[in-house]
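Examining the three-dimensional arrangement
Here is what each chain is made of, one letter per residue.
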Amino acid sequence: MIIKTVAATLLAIAASSIFLLFSPTPKSFYHSLFISSSLSDNASISNHLHTLTRRPHVAGQEANAEAAAYVLSIFTSSSIKTHIAPYPVALTYPVSRSLTLTPSPQEPQSQINFNLQQEIYGGDPYADVAHEVLPTFHAFAKSGTVTAPVVYVNYGRLEDYEVLKQMGVNVSGSIVLARYGKIYRGSIVQTAYEAGAVGVLVYTDRKDYGGGGGEGKWFPDGKWLPPSGVQVGTVYNGVGDPTTPGWASSEEGERLSDDEVEKAGDVPLIPSLPVSAADGETILRAIGGQLANDDWQGSEDAPTYRVGPGPGIVHLSYTGKQVIGTIENVIGVIEGTEEPDRFVILGNHRDAWTFGAVDPNSGTAALLEIAQRLGKLQKRGWKPRRTIVLCNWDAEEYGLIGSTEWVEENRQMLASRAIAYLNVNSAVYGPGFSASATPQLDELLKQATQQVQDPDNSSQTLYQSWVGSCSSPMIDRLGSGESDFAAFVQHVGIPAADMAFGKGYPVYHSMYDDFIWMQKFGDPMFQRHVAVASLWGLVALWLADAEFLPFNYLSYALELQRHMKDLEDELPDKNINLAPLFKSIEELKKAATKINSQREEIEQHKGWQFIGKNDHFKVRELNDRLMMAERAFTDQDGLLGRSWYKHLIYGPSKHDDYGSKSFPGIGEAIEKAKSLKTTESWELVQHEVWRVARAVRHASQIINGELT
Ligand SMILES: *[C@@H]1O[C@H](CO)[C@@H](O)[C@H](O)[C@H]1NC(C)=O
Ligand SMILES: *[C@@H]1O[C@H](CO)[C@@H](O)[C@H](O)[C@H]1NC(C)=O
Ligand SMILES: *[C@@H]1O[C@H](CO)[C@@H](O)[C@H](O)[C@H]1NC(C)=O
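Conventions we followed
- Residues numbered from 1 in each chain as written.
- Chains lettered and ligands numbered in written order.
- Predicted model: local features only at pLDDT ≥ 70, side-chain atom pairs only at ≥ 80, totals over all residues.
- Heavy atoms only, no water.
- UniProt positions renumbered as here; feature names shortened; annotations may be inferred.
- Helix = DSSP H or I, 4+ residues; strand = E, 2+ residues; numbered from the N terminus.
- Contact = heavy atoms within 4.5 Å.
- Polar contact = N/O pair within 3.5 Å; in protein donor to acceptor, adjacent residues only side chain to side chain.
- Salt bridge = Lys/Arg side-chain N within 4 Å of Asp/Glu carboxyl O.
- Buried < 20%, exposed > 50% of the residue type's maximum accessible area, 1.4 Å probe, protein only.
- Phe/Tyr/Trp six-rings, centres within 6.5 Å; stacked < 30°, edge-to-face > 60°.

An unreviewed UniProt entry lists the protein under the name glutamate carboxypeptidase II, with Prunus avium as the source organism. Under the UniProt heading Catalytic activity (unreviewed entry), the note attached to the protein is "Release of an unsubstituted, C-terminal glutamyl residue, typically from Ac-Asp-Glu or folylpoly-gamma-glutamates."

Here is the structure:
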């Protein structure tokens, strides 16, 4: 017995030395090369951005097809097999708009007609293509004409309407004026509709977007939004093509009628328009009534804001046209050599409301840089273990349409083969790194940022600047509908991450989001772009090449425990039994610890033995458990009344699509129960707790890999 073992060991040592002699360049060599300065090129990234943003390129328009062709050509010339995945989808464009204000009904001659134009500044290099910028509008806004007194509703949140109610202000029948900045604009319109408003105007307060206002502050002299600047955007509250909810749209396929779309409840039923800071202020001057609270006021030198209603009367008219237009996702594939049926997916969208230098093409430029660096690695002999898929989405701005249609079309394939989805909506909004992820990727992000240099301080790593003075970086979660990760995480349950420099930026979705703004204020040296390309690509390489998937479900369990604490705070003294959920999280912790040690065992064992077929199966089997665990958090019935959202741990707030909620179903049930105060409604809360507990138990079962 002993002799046999010694012989086997000697044989193994001999075999592994022979193996070493012929062993290929280690993957880690290529990973270091990928982030090295020899492969990084800020000038090339800057060129990509410049090319992509020559013209405004809204989804469905020729200029965006041109941009798609550019992406395709860069992928292809980097030896990446690339194709276009087109979809015919519902898109809307503005046809006519008019907005007038009668400050005082007694003096109809005082009427003001707003011109609704964003001003071209002297010396603007994009002046000759400025006419291609769409007239300011809200995509999927309801066409219609309304005339009514105005009420000022602050940021248009549910809590703002609560304040108005307490003040005795009834917004029913009025047009509301809300300011941008705290919640998703589609949620602003929806909340106004539910409060009984007949129309909505949304403006950018110069306190929030104008740096307080004043010459020299705004673009092109400063980074802030000029007084005439307008934030356009969609007000659709669903995900994907509204005429094909839950399935991929196709030429001959099933499509809902306009009536059916309205009934589904995700398109607005009252007209709305975005307006500039200057126009918003003019309207505010015509609102009398009670004084608005201090935190509802504007800049120091702004007029005093009152809530109304009236006396100012607004006449709002909007006509949009809905078309079925073709959008184009560009998909590049580098096939894995050992596990071609496992996908690591990177994604960023291409379509922009205007020039899109920040949103989204700073991300596209970084994606193109990654493609080129991977092309160079391939030339030097690197091939990924697993398949890497580079995706450049279309029509994200309309409601995450390109990514959602693709995910819906490939749902089963992705559910059985996708390792992770890595999203970059925009690479650079400004300074300061930030990231979001599903929690099993937390450790991976921390480790990868330790390999990348901080672009703003060469004597520290990105990790050091990210952490700052805290002990651990802040990682947000991916429950919101803010970008293309939504379908991957919330519909299919794929581990995902999202990263960028900066968060908001003042010229967001205005015609000033151009290359000049980026060059002057966003990233003058394009080194932040380089850092995003390095990090994004490195995380993808680790996921694609590592023998064992670098997932840690212990972080997930700990995060769930933190979410539990929040949940307990939300619960009043009601008879809700949280024990099943507590217990399921404890089980997840145990399962995560167990799989981590199983992995160590296989690794140690392998050090002494032939790398036999059996070991490959063992590794693959363990990786499959890690891959599938996130899927277990999804439930086929989805969230109550929002069945597209399958994930029971992370989903969007019902009152703010940009707000990520943990345990969204439980939270929503609690909110309902608090207002209905019935036994049944509290029973529903208990039911939701059970559902989540079952999902968490399923995740443990998958991680354990044992039948009951
Ligand atoms: C607000 O006004 C509408 C229409 O005038 C009315 O139906 C509604 O009951 C009012 N709401 C409150 C809370 O007074
Ligand atoms: C750059 O990083 C080093 C090391 O963390 C730190 O000591 C220094 O203060 C940083 N410099 C600036 C300008 O932030
Ligand atoms: C690239 O970075 C270098 C040094 O950091 C800088 O001098 C150069 O201007 C940058 N290039 C571009 C196009 O920003």
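Further remarks concern the environment of Ser 228. For Ser 228, the location among the structural elements is in the loop between helix H7 (206-209) and strand S7 (233-234). Expressed as a C-alpha distance, the spacing of Ser 228 and Pro 274, which sit 46 residues apart in the sequence, is 11 Å. Setting aside anything within four residues of it in sequence, one finds Ser 228 in contact with Gln 117, Gln 118, Glu 119, Ser 276 and Tyr 512. A polar atom in the side chain of Ser 228 sits 2.9 Å from the backbone nitrogen of Glu 119.

Attention shifts here to the pattern of salt bridges. Enumeration according to the criterion identifies 35 salt bridges in this entry. Of the charged contacts in the structure, one is a salt bridge between Arg 206 and Asp 301, with a shortest N-O distance of 3.0 Å. Separated by 95 residues along the polypeptide, Arg 206 in helix H7 and Asp 301 in the loop between helix H9 (277-285) and strand S9 (313-334) bring together distant segments of the chain. Its relative accessible area of 58% is what places Asp 301 among the exposed residues. A salt bridge links Arg 477 to Asp 442, with the nearest nitrogen and oxygen atoms 2.8 Å apart. One end of the pair, Arg 477, is in the loop between strand S14 (475-476) and helix H15 (485-492); the other, Asp 442, is in helix H13 (residues 442-449), with 35 residues separating them in the sequence.

The next subject is the packing of aromatic side chains. Aromatic rings in a pair are described by how distant their centres are and how their planes are angled relative to each other. Counted according to the given criterion, the structure contains 31 aromatic pairs. Centroid distance Phe 433 to Trp 466: 5.2 Å. Interplanar angle 85 degrees. Geometry classified as edge-to-face. With Phe 433 in strand S13 (residues 433-437) and Trp 466 in helix H14 (residues 462-467), this residue pair connects regions lying 33 residues apart in the sequence. An identical accessibility class is assigned to Phe 433 and Trp 466; each is buried. Ring geometry for Tyr 556 versus Phe 633: centroids 4.7 Å apart, planes at 35 degrees, classification tilted. Taken together, the residues Tyr 556 in helix H18 (residues 553-570) and Phe 633 in the loop between helix H20 (613-629) and strand S16 (650-653) connect sequence positions 77 residues apart. Across the pair, Phe 633 and Tyr 556 agree in class, each one buried.

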